[in-house]
Amino acid sequence: DTEVTQTPKHLVMGMTNKKSLKCEQHMGHRAMYWYKQKAKKPPELMFVYSYEKLSINESVPSRFSPECPNSSLLNLHLHALQPEDSALYLCASSKTVLAGGFKQYFGPGTRLTVT
Amino acid sequence: AQTVTQSQPEMSVQEAETVTLSCTYDTSESDYYLFWYKQPPSRQMILVIRQEAYKQQNATENRFSVNFQKAAKSFSLKISDSQLGDAAMYFCAYRRRSNFGNEKLTFGTGTRLTIIP
């Protein structure tokens, strides 16, 4: 199983809503990543988890709150978002964050629209 | 800081022909990885090919090959026998090799490849 799954595929939320994005992998990977991708732009790294601990936070606003409850699951909790937060949110995983045999597997993404 | 430049926002190629996508990067490091990722309209990013900087031999994966010129900091992707399924946005990416696990992928701005039947 070389798949990263993400739910939901699409999400529309108001600026006062609280919602969560979910990412799951069963490849035994111990590194998981959240990226934000605006239209026609490359992905931008938001967070990295290594062995279920937050390893990198790319100065993301606190209205985005990541959580890694176990080695297979990664959540992104959303609260009080702004319309400019509308984007494709990609999850990825890799064996570890260390170099060597480095390959990230990406999920299909969640298309988020903030109204 | 490392930067990755893809100077071709869009490219097109006839089916079954060969196309080359360009990528240049800037780094002061000597040990790093370079990647080409493909993102079709379905949105899922897929790793196409990877090159380790210390390896002189160019990486190949079936119809995909790279021309890695370390001194020139150039990393182009050649797609042979183009197929309709190759239509996608292609991102070149760089990652420094590190034992500390705090490195991230730096992506170029992408090249949209269209395959003409």
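A short tour of the structure in this document, coming up. (Residues numbered from 1 in each chain as written. Chains lettered and ligands numbered in written order. Predicted model: local features only at pLDDT ≥ 70, side-chain atom pairs only at ≥ 80, totals over all residues. Heavy atoms only, no water.)

Brief notes about the interface of chain A and chain B
Quite often, the size of an interface is put as the accessible area lost when its parts meet.
(1) Moving on: The partner chain B presents 24 residues to the 28 residues of chain A that form the contact.
(2) Moving on: Here chain A packs against chain B, burying approximately 2000 Å² in sum over the two surfaces, 58% of which is carbon and sulfur.
(3) Moving on: Applying the counting criterion to the chain A and chain B interface returns one salt bridge.
(4) Moving on: Our count for the contact surface shared by chain A and chain B stands at three residue pairs in polar contact (both at pLDDT 80 or more).
(5) Moving on: Going through the elements one at a time, strand S4 (31–37), strand S6 (53–57) and strand S9 (87–94) of chain A are the ones with two or more residues in the side of chain A that touches chain B. (Contact = heavy atoms within 4.5 Å. Buried area = accessible area lost by both parts, 1.4 Å probe. Salt bridge = Lys/Arg side-chain N within 4 Å of Asp/Glu carboxyl O. Polar contact = N/O pair within 3.5 Å; in protein donor to acceptor, adjacent residues only side chain to side chain. Helix = DSSP H or I, 4+ residues; strand = E, 2+ residues; numbered from the N terminus.)

So, the environment of Ser-30 of chain B
All names here are of chain B.
(1) Moving on: Within the secondary structure, Ser-30 sits in the loop between strand S4 (24–26) and strand S5 (32–39).
(2) Moving on: The sequence separation of Ser-30 and Ser-82 amounts to 52 residues, and the corresponding C-alpha distance is 33 Å.
(3) Moving on: Among residues more than four places away in sequence, those in contact with Ser-30 are Ala-53 and Lys-70.

Looking at the pattern of salt bridges
(1) Moving on: Enumeration according to the criterion identifies 10 salt bridges over all chains in this entry.
(2) Moving on: The shortest N-O distance in the salt bridge between Glu-58 of chain A and Lys-104 of chain B comes to 2.9 Å. With Glu-58 of chain A in the loop between S6 and strand S7 (64–70) and Lys-104 of chain B in the loop between strand S10 (88–96) and strand S11 (106–107), this residue pair bridges two chains.
(3) Moving on: The exposure class assigned to Glu-58 of chain A is partly exposed, which follows from its relative accessible area of 30%. (Buried < 20%, exposed > 50% of the residue type's maximum accessible area, 1.4 Å probe, protein only.)

Such coordinate-based values are descriptive only and should not be taken to indicate function.
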